[in-house]
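# Reading the structure
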Protein chains: 2
Amino acid sequence: MTLEKTTRMNYLFDFYQSLLTAKQKSYMSLYYLDDFSLGEIADEYEVSRQAVYDNIKRTEAMLEQYEEKLLLFKKFKERKELLKKMRELVADSAQTEEAEALIESLEKLD
Amino acid sequence: MTLEKTTRMNYLFDFYQSLLTAKQKSYMSLYYLDDFSLGEIADEYEVSRQAVYDNIKRTEAMLEQYEEKLLLFKKFKERKELLKKMRELVADSAQTEEAEALIESLEKLD
């Protein structure tokens with residue numbers, strides 16, 4: 001798995017885990033956060049490796065669907081970027097006009 | 001219905017409508033945004049007033065459940081409040097330390 005995909009799934013899991021079932025949360029958490037293999041999760045839960053694989057694939061698809069609908073990760077990244085710029089401005093000081101424009105952009109994100 | 005509840009439902013609908021079915025969206029939109037009565041919606045869709053009422057009640061409960069899990073409306077209000085303070089600071093100018101503290105609070109919200 002690419003690092004990029006792992007990072008994305010970690011974020012999506014972080015944003016939407018409250019919408020998952022307890023089992024989905026456990027599998028995803030072991031696989032993505034604790035770096036368990038599919039086989040290790042299967043042993044832990046006494047199910048087949050295939051069952052774990054299918055569950056994780058379905059959960060990944062659900063997380064992508066939630067992101068498509070709610071865009072929490074996308075907005076998070078946009079907000080982070082704007083806040084980074086604002087922080088630079090504030091450190092710079094007295095760039096009032098540009099700071100106000102940034103704040104407006106921020107407000108429109110919600 | 002209280003104004004407070006109407007306002008809350010308008011916001012929750014705004015945040016979570018992408019998670020509703022087409023029918024739920026239509027009923028909620030007519031009821032909360034266009035101020036149709038239950039009877040008018042029932043006539044429009046050729047169903048009973050009770051069916052419309054039940055659907056809307058279930059949808060309201062779903063929206064509250066999503067809010068309980070994702071807190072988008074709560075965070076939205078907190079963010080608005082922080083941004084309002086930041087805007088005042090920027091207008092004030094040169095309150096760098098306080099502005100940085102606000103930005104940090106903002107970042108923690110995500």
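Residues take numbers from 1 onward in each chain, read along the sequence in its written order. Here every chain gets a letter starting at A, and every ligand a number starting at 1, in the order they are written. The predicted nature of this model means local features are confined to residues of pLDDT at least 70 and side-chain atom pairs, given and counted, to a pLDDT of 80 or more, with totals for whole chains, interfaces and linings taken over all residues. Side-chain metrics in this entry use all non-hydrogen atoms of the structure; hydrogen atoms and water are not considered.

### Re the domain arrangement of chain A
Delimitation of the domains relies on an automatic or database domain assignment. Looking at the assigned domains, one finds that chain A contains domain 1 (3-70) and domain 2 (74-109). Centre-to-centre, using C-alpha coordinates, domain 1 of chain A lies 34 Å away from domain 2 of chain A.

### A word on helix α4 (residues 49-70) of chain B
Put simply, DSSP H or I for four residues or longer makes a helix, DSSP E for two residues or longer makes a strand, and each gets a number counted from the N terminus. Given the number of residues in a helix, its expected span is that number minus one, multiplied by 1.5 Å. For α4(B), which comprises 22 residues, the first-to-last C-alpha distance of 31 Å matches the rise-based estimate of 32 Å (1.5 Å per residue) to within 8%. Of the residues trailing α4(B), Leu71(B) is marked for its positive phi of about 55°.

### As for the interface of chain A and chain B
Note on contacts: a residue pair is in contact if any heavy atoms of the two residues lie within 4.5 Å. The partner chain B presents 24 residues to the 24 residues of chain A that form the contact. We call two N or O atoms a polar contact when they sit within 3.5 Å, provided that within protein one can donate a hydrogen and the other can accept it, with sequence-adjacent residues counted only if both atoms are side-chain atoms. Between chain A and chain B we count two residue pairs in polar contact (both at pLDDT 80 or more) in total. Listed by contribution, the elements that provide at least two residues to the side of chain A that touches chain B are α1 (3-16), α4 (49-70), α5 (72-92) and α6 (96-108) of chain A. Class assignment for the residues of the side of chain A that touches chain B results in 14 nonpolar, two polar and eight charged. The nonpolar class holds Ala, Val, Leu, Ile, Met, Phe, Trp, Tyr, Cys and Pro. Asp, Glu, Lys and Arg form the charged class, and all remaining residues, Gly among them, are polar.

### What about the pattern of salt bridges?
Salt bridges are defined as contacts in which a side-chain nitrogen from Lys or Arg sits within 4 Å of a carboxyl oxygen from Asp or Glu. Evaluation of the coordinates by the stated rule reveals eight salt bridges over all chains. The salt bridge involving Lys5(B) is made with Glu60(B); its shortest N-O contact spans 3.0 Å. In this pair, Lys5(B) is assigned in helix α1 (residues 3-16) and Glu60(B) in helix α4, connecting sequence segments 55 residues apart. Its relative accessible area of 27% is what places Lys5(B) among the partly exposed residues. Exposed residues in this analysis have more than 50% of their type's maximum accessible area, buried residues have under 20%, and partly exposed residues fall in between, with area computed by a 1.4 Å probe over protein chains only. Exposure remark for Glu60(B): the relative accessible area of 5% places this residue in the buried category. When salt bridges with common partners are traced through the structure, they connect Lys5(A), Lys57(A) and Glu60(A) into a single cluster.

### A look at the nonpolar core
Buried residues of nine kinds, namely Ala, Val, Leu, Ile, Met, Phe, Trp, Tyr and Cys, make up a nonpolar core once their side-chain atoms join them within 4.5 Å. Core analysis: the biggest nonpolar cluster contains 44 residues, and Tyr16(A), Ile56(A), Leu63(A), Tyr16(B), Ile56(B) and Leu63(B) have the highest contact counts within it. When near neighbours in sequence (up to four residues on either side) are disregarded, Leu63(B) contacts Met9(B), Leu12(B), Phe13(B), Tyr16(B), Leu20(B) and Met28(B). Among the nonpolar cores identified, the runner-up in size contains 20 residues, and Leu82(A), Leu83(A), Leu89(A) and Ala99(B) belong to it.

### Regarding the relation of the copies chain A and chain B
Least-squares fitting of chain A to chain B yields an RMSD of 0.0 Å, with the superposition described by an axial translation of 0.0 Å and a rotation of 180°. Expressed as an axis order, the relation between the two copies is that of a two-fold axis. The residues that chain A uses at the interface reappear at the interface of chain B in 100% of cases, marking a shared surface. The atoms used to superpose the copies are C-alpha atoms, taken from residues with pLDDT of at least 70 in both, and the fit is least squares.

### Let's talk about the packing of helix α2 (residues 22-33) of chain A against α4(A)
Residue and element names in this part refer to chain A. Helix axes are fitted to C-alpha atoms over the stretch in contact, other axes to C-alpha atoms as well, and angles between N-to-C directions run from 0 to 180 degrees. Taken N-terminus to C-terminus, the directions of α2 and α4 make an angle of 95°; their axes are 10 Å apart at the nearest point. The angle between the axes of α2 and α4 places the two elements in the roughly perpendicular class. Listed contacts from α4 to Lys23, Gln24, Tyr27, Met28, Tyr31 and Tyr32 of α2 are Val52, Asn55, Ile56, Thr59, Glu60, Met62 and Leu63. Of the residues belonging to the contact of α2 with α4, the class tally is eight nonpolar, three polar and two charged. In this scheme, roughly parallel covers angles under 35 degrees and roughly antiparallel covers those over 145, while 65 to 115 is roughly perpendicular and the rest are oblique.

### Description of unusual backbone geometry
Positioned with a positive phi, Asp35(A) is a non-glycine residue whose angle comes to about 60°. Non-glycine residue Glu46(B) carries a positive phi angle of around 55°. Mapped onto the elements of the fold, Glu46(B) is located in the loop between α3 (38-45) and α4. For Glu46(B), a relative accessible area of 75% corresponds to the exposed category.

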